[in-house]
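Examining the three-dimensional arrangement
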Amino acid sequence: MTSAARVWPGEPYPLGATWTGAGVNFALFSAYATAVELCLFESPHATRERARIPLPEQTDMVWHGFLPDARPHQLYGYRVHGPYEPTSGHRFNANKVVMDPYARAVARPIRWSDEMFGYEVGHPDEDLSFDVRDNAPFAPLGAVVDPAFTWGDDRPRRTPWHNTVIYEMHVRGFSKLHPGIPEHLRGTYEALTTEPALEHFRKLGVTAVELMPVHHHARDRHLEEKGLTNYWGYNSFGYFAPERRLAASDTPAGAVREFKRMVRALHAEGLEVILDVVYNHTAEGNHLGPTLSLKAIDNASYYRLADDPRYYMDFTGCGNTLNMQSPQVLQLIMDSLRYWVLEMHVDGFRFDLASALARELFDVDRLAAFFDIIHQDPVLSKVKLIAEPWDLGQGGYQVGNFPALWTEWNGKYRDSVRSFWRGDGCTVSELATRLSGSNDLYAHGGRKPYASINFVTAHDGFTLHDLVSYNDKHNEQNGEDNRDGENHNLSWNSGVEGPT
């Protein structure tokens with residue numbers, strides 16, 4: 001291992017690894033780090049870095065350096081030095097290679113092992129212990145990307161809200177069993193560009209596809225050990241990188257190109273592309289979770305910590321919540337959103353557990369900084385913005401309370417239709433209000449009926465088939481003793497539990 005590579009001071013902006021045509025600029029924010037080392041890897045199979053290069057400059061808490069000899073496809077990670085003091089909110093561990101939160105492509109996903117944790121797994125002091133082992137053989141790695149792509153005359157579709165019909169879909173789930181899609185393309189972005197897929201969308205009459213999470217995500221260790229997987233993907237930690245496991249290509253850059261080709265093809269068909277995004281938490285979990293990225297880059301800046309900063313505030317049920325009070329977190333999210341609009345040409349976003357994004361102190365704040373900066377942003381204020389208007393914290397159910405420019409998943413519409421459908425009493429008036437635009441929810445804030453995204457089923461809870469087949473959920477196959485999944489489904493089995 002060497003640090004003999006040529007390195008120049010570089011620039012603190014933009015963050016991430018940026019190919020300039022003459023080299024690569026690397027920039028990483030960390031307010032509390034004492035040093036940052038850039039680690040260059042030869043291949044996804046490498047068990048150690050070939051070079052470890054101290055970033056030579058720090059400007060306004062951004063560590064940066066320019067490598068004139070680096071090129072696209074270079075694999076990299078970081079080792080970030082600083083205090084390991086969980087009781088003070090700091091979890092630096094330079095024995096761990098961590099992934100750049102701004103990585104545009106992922107060259108290698110996590111390979112689970114005890115080395116992927118900053119503390120000694122099984123130690124009686126739990127996360128107060130310190131793990132000195134090197135995780136380089138197992139760590140997720142980023143890859144430098146050349147953004148060049150021929151978009152042709154591709155442009156935003158700008159379908160008016162009152163004409164918008166959204167088809168929520170999972171890239172893999174939609175295409176994996178489609179008999180008309182070539183078998184080698186099933187389960188991939190490329191599958192959505194094929195004529196059988198486009199014909200299906202035409203027959204449905206939809207105007208937009210809403211892709212369930214395509215940001216790079218973790219497959220939880222406890223699930224993999226059970227032979228299961230985090231299929232939906234609501235466990236992101238790469239907010240700029242398209243999920244490579246949904247690509248037909250075997251290269252990091254190939255996944256980026258495939259995603260762009262998919263968007264271009266869907267636009268040519270007249271369809272908008274909306275991304276389901278998960279900015280409320282990351283895959284690093286709670287104080288006993290793995291060390292993948294932000295936790296060892298600057299835990300105290302990126303996460304909402306409890307009164308005892310060893311622990312995390314958890315409004316998401318996933319162990320942590322991103323710190324929306326932090327300017328750097330707001331910058332990370334805004335940079336990510338703009339990247340997907342400007343570089344990847346998507347048309348809008350559906351924000352998972354959006355109430356968590358509005359918690360500046362504890363309560364959900366309708367005038368939170370997150371909304372303010374989106375409203376004034378010349379790029380993001382023009383795209384479709386959809387909130388899932390709840391989270392799992394106290395006061396998190398906020399249907400009807402999001403500001404102008406935002407639409408919402410109307411949970412009251414869903415519940416009203418289901419209650420009426422199964423014959424509950426006193427539901428006609430409520431249903432009439434929902435069908436006529438839910439003015440009781442949106443008019444007081446100056447929003448029109450199109451602020452309501454009307455739906456009956458989605459990826460949460462029962463499918464349409466389940467609604468008329470089961471009174472209770474039966475998730476035994478997940479190995480969680482039927483504890484996972486939504487219990488409140490307002491379903492009716494018509495007298496016999498299960499298909500009849």
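Okay, so let's go over this structure. (Residues numbered from 1 in each chain as written. Predicted model: local features only at pLDDT ≥ 70, side-chain atom pairs only at ≥ 80, totals over all residues. Heavy atoms only, no water.)

**Details of the overall build of the chain**
Across its full length, the chain holds eleven helices and 20 strands. Scaling as 2.2 N^0.38, a compact globule of 500 residues should have a C-alpha radius of gyration of about 23 Å, and the chain matches this with 23 Å. Residue burial in the chain is summarised as follows: out of 500 residues, 55% are buried. Partitioning the intrachain contacts of the chain with sequence separation of at least 6 by distance along the chain shows that 70% fall at a separation of at least 24. (Helix = DSSP H or I, 4+ residues; strand = E, 2+ residues; numbered from the N terminus. Rg over C-alpha atoms; globule rule 2.2 N^0.38 Å. Buried < 20%, exposed > 50% of the residue type's maximum accessible area, 1.4 Å probe, protein only. Contact = heavy atoms within 4.5 Å.)

**Considering the environment of T159**
Structurally, T159 can be placed in the loop between β11 (141-143) and β12 (166-169). For T159, a relative accessible area of 16% translates into the label buried. In the structure, T159 is positioned 49 residues away from A208 in sequence and 8.6 Å away in space, judged by C-alpha atoms. For T159, the residues in contact, after removing those within four places along its chain, are T164, T207, E272 and K384.

**Thoughts on the packing of helix α8 (residues 411-421) against helix α9 (residues 428-435)**
In the contact formed by α8 and α9, the axes pass within 9 Å of each other and the chain directions differ by 140°. The pairing of α8 with α9 is recorded here as oblique in orientation. Like other packed secondary-structure pairs, α8 and α9 cross with a definite hand, here left-handed. From α8, K412, Y413, S416, V417 and F420 reach across to α9, where they touch V428, E430, L431, R434 and L435. A class-by-class count of the residues in the contact of α8 with α9 yields six nonpolar, one polar and three charged. (Axes fitted to C-alpha atoms, helices over the stretch in contact; angles between N-to-C directions. Parallel < 35°, antiparallel > 145°, perpendicular 65-115°, else oblique. Left-handed = near helix turned anticlockwise from the far one by under 90°. Nonpolar A, V, L, I, M, F, W, Y, C, P; charged D, E, K, R; others polar.)

**Re the pattern of salt bridges**
Side chains that carry opposite charge are capable of pairing whenever their charged atoms lie near each other. By the definition in use, this model includes 32 salt bridges. For K96, the salt bridge identified is with D131, shortest N-O distance 2.6 Å. Pair noted here: K96 is in the loop between β9 (90-91) and β10 (105-108) and D131 is in the loop between β10 and β11, with a separation of 35 residues, a long-range link. A relative accessible area of 1% means that K96 is categorised as buried. We note a salt bridge from R338 to D377, for which the minimum N-O separation is 2.4 Å. With R338 in helix α6 (residues 327-342) and D377 in the loop between α7 (369-376) and β18 (384-387), this pair connects stretches of sequence that are 39 residues apart. According to the relative accessible area criterion, R338 is partly exposed, its value standing at 25%. One salt-bridge network, in which partners are shared between bridges, spans E49, R52, R79 and D134. (Salt bridge = Lys/Arg side-chain N within 4 Å of Asp/Glu carboxyl O.)

**Thoughts on α8**
Of all the eleven residues making up α8, eight are buried; the element is thus mostly covered by neighbouring parts of the structure. Along α8, the positions that sit buried rather than exposed are G411, Y413, R414, D415, S416, V417, R418 and S419. Packing partners of the buried residues in α8 comprise β19 (407-409), α9 and α11 (464-467). The residue sitting at the N-terminus of α8 and contributing the capping side-chain oxygen is N410; that oxygen lies 3.1 Å from the backbone nitrogen of K412. Where α8 ends, the next residue or the one after it, G423, has phi of about 90°, a positive value. (Polar contact = N/O pair within 3.5 Å; in protein donor to acceptor, adjacent residues only side chain to side chain.)

**Structural notes on the packing of aromatic side chains**
Applying the stated criterion to the full structure yields 31 aromatic pairs. For the pair F351 and W406, a centre-to-centre distance of 5.0 Å together with 50° between the ring planes defines the contact as tilted. With a gap of 55 residues between them, F351 in strand β17 (residues 348-351) and W406 in the loop between β18 and β19 connect regions that are remote in the sequence. Residues F351 and W406 agree in their burial class; the two are buried. Grouping aromatic residues by their ring pairs yields a cluster made of Y239, Y279, F349, F351, F370, F371, F402 and W406. (Phe/Tyr/Trp six-rings, centres within 6.5 Å; stacked < 30°, edge-to-face > 60°.)

**Focus: the side chain of E49**
Within the secondary structure, E49 is located in the loop between β3 (35-41) and β4 (51-54). For E49, the side chain forms a polar contact with the side chain of R52, separated by 3.0 Å. Polar side-chain contacts of E49 include one of 2.8 Å to the side chain of R79.

**Things to note about the layout of surface pockets**
Estimates place the volume of the second largest pocket at around 360 Å³. In terms of lining, the second largest pocket is formed by 16 residues, of which the most central are P14, R104, F240, Y339 and E343. Sorting elements by how many residues they give to the lining of the second largest pocket places α6 first, with four residues. (1 Å grid on protein atoms, 1.4 Å probe; cavity = no way out; pocket = protein on both sides within 12 Å on 5 of 7 lines; lining within 4 Å. Points joined across faces, edges and corners; volume = space filled by probe spheres on them.)

**Focus on the sheet that holds strand β1 (residues 16-19)**
One open sheet accounts for four strands, arranged β1-β2-β6-β5; its pairing is antiparallel. One side of each edge strand has no neighbouring strand; the edge strands of this open sheet are β1 and β5 (57-59). Between one strand axis and the next, the sheet turns by 25° as a mean value, whatever way the strands run. Pairing of strand β2 (residues 24-29) with strand β6 (residues 62-67) involves six bridges; the strand directions are antiparallel. Residue pairing across strands places L28 opposite W63, the latter belonging to β6. (Pairing = 2+ DSSP bridges.)

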